[in-house]
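# Fold and contact review
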Amino acid sequence: MPSSSPLPSPDDHAALVSPEVVSQLGALLPRLLRAVERRVHIEFPHPVLPEGQLALVRLVKERPGVTVREAADELLMKPNNVSAMVSQLAGQGQLERVTDPADRRIVHLHTTEEADRRFAIAEALTSTVLGDGLNALSADEVAAIGQALPALTALLRQVHPATG
């Protein structure tokens, strides 16, 4: 009779997470992001937004109508800092503020057509950089990365539950 191995208990599972994997992942992901961003910035035909502003524009693009408070919670920032960034980005023509008709103290944020156009350019450049990099890998390496994506998404939800 074939023996079936029991599922690992939560304690056993924690033992599978080696300090080496944690360290390597922590070092690799920021370096990969910076490398992609640097390559994209070389060809991006507009001034590059600071990271915080870029994160805010990206969030508003993903969640049109988000409020300043919701954006601050999502980005793990103070509402007054997000409010200051909104003022800067609105002044640059990147974001629009729409006052909530039910509560005039609340402002909903939307990206402008210009921000959407710039975002599309950046996304296309990012896709090209990543696509070129993936095309240079072996089929097995590409498959391994594809198989890891759901686990990395789950890890993101654990580390930052507001992204779920």
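These remarks concern the structure in this document. Counting restarts for each chain: residues are numbered from 1 in the order of the written sequence. Residues qualify for local features only when their pLDDT is at least 70, as the model is predicted, and side-chain atom pairs are given and counted only at 80 or more; totals for whole chains, interfaces and linings, by contrast, use all residues. Only hydrogens and water are removed before side-chain values are computed, so all heavy atoms of the structure are retained for them.

## Comments concerning the packing of helix α4 (residues 68-75) against helix α5 (residues 79-91)
Selection criterion: Lines fitted to the C-alpha atoms define the axes, with helices restricted to the stretch that makes contact. Angles between their N-to-C directions range from 0 to 180 degrees. Secondary structure follows DSSP: runs of H or I at least 4 residues long count as helices, runs of E at least 2 residues long count as strands, and numbering of each begins at the N terminus. Every angle not falling under 35 degrees, over 145, or within 65 to 115 is termed oblique; those three ranges are roughly parallel, roughly antiparallel and roughly perpendicular. Rotating anticlockwise by less than a right angle from the far helix to the near helix defines a left-handed crossing, while the corresponding clockwise rotation defines a right-handed one. The contact criterion used is simple: two residues touch if any of their non-hydrogen atoms lie within 4.5 Å. Only Asp, Glu, Lys and Arg are considered charged in this grouping, and only Ala, Val, Leu, Ile, Met, Phe, Trp, Tyr, Cys and Pro are considered nonpolar; every other residue, Gly among them, is considered polar.
Two numbers describe how α4 lies on α5: the axes approach to 9 Å, and their chain directions differ by 115°. In terms of their interaxial angle, α4 and α5 are classed as roughly perpendicular. Of the two elements, α4 crosses α5, and the hand of that crossing is right-handed. In contact with V68, R69, A71 and A72 of α4, α5 contributes P79, V82, S83 and V86. Taken together, the residues of the contact of α4 with α5 sort by class into 6 nonpolar, 1 polar and 1 charged.

## Observations regarding the environment of P161
The criterion, for reference: Accessible area is worked out with a 1.4 Å probe on protein chains only. A residue is then buried under 20% of its type maximum, exposed over 50%, and partly exposed in between.
Topologically, P161 is positioned in the segment after α7 (139-159). Overall, P161 belongs to the exposed group, its relative accessible area being 60%. Along the backbone, P161 and E74 are 87 residues apart, and their C-alpha atoms lie at a distance of 9.2 Å.

## What to know about the packing of helix α2 (residues 19-43) against helix α6 (residues 113-135)
Two elements in contact, α2 and α6, have axes whose closest approach is 9 Å; the angle formed by their N-to-C orientations is 125°. Considering their axes alone, α2 and α6 lie oblique with respect to each other. In this structure, α2 crosses over α6, and the sense of that crossing is right-handed. Counted together, V36, R39, V40 and E43 of α2 and A122, L125, T126, V129 and L130 of α6 form the full contact between these two elements.

## A word on helix α3 (residues 51-62)
Convention followed: To estimate how far a helix should extend, the number of its residues minus one is multiplied by 1.5 Å. By arc we mean the arc of the directions from the helix axis to the C-beta atoms, nothing more.
With 12 residues, α3 ought to run about 16 Å at 1.5 Å a step, and its terminal C-alpha atoms sit 16 Å apart, in line with that. Of all the positions in α3, only Q53, L56, V57, L59 and V60 are classed as buried. Viewed along the axis of α3, the buried residues span an arc of 160°, placing them on a single side of the element. Taken together, the buried residues of α3 touch α4, α5, β1 (95-99) and β2 (107-111).

## Comments concerning the side chain of H108
Inspection of the secondary structure puts H108 in strand β2. Leave out the neighbours within four places in its chain, and H108 touches G65, V66, T67, E96, R97, V98 and D100.

## Description of the pattern of salt bridges
As a reminder of what qualifies: A pairing counts as a salt bridge when a side-chain nitrogen of Lys or Arg comes within 4 Å of a carboxyl oxygen of Asp or Glu.
One pass over the full model with this rule turns up 5 salt bridges. Across the salt bridge formed by R63 and E74, the nearest N and O atoms sit 3.5 Å from each other. One end of the pair, R63, is in the loop between α3 and α4; the other, E74, is in helix α4, and 11 residues separate them in sequence. Judged by relative accessible area, R63 falls into the partly exposed class, the value being 35%. Given a relative accessible area of 15%, E74 falls into the buried group. Here R117 and E114 are joined by a salt bridge, their closest N and O atoms 2.9 Å apart. Here E114 and R117 lie together in helix α6, a separation of 3 residues that amounts to about one turn.

Interpretation note: all reported values are geometric properties and have no functional meaning in isolation.
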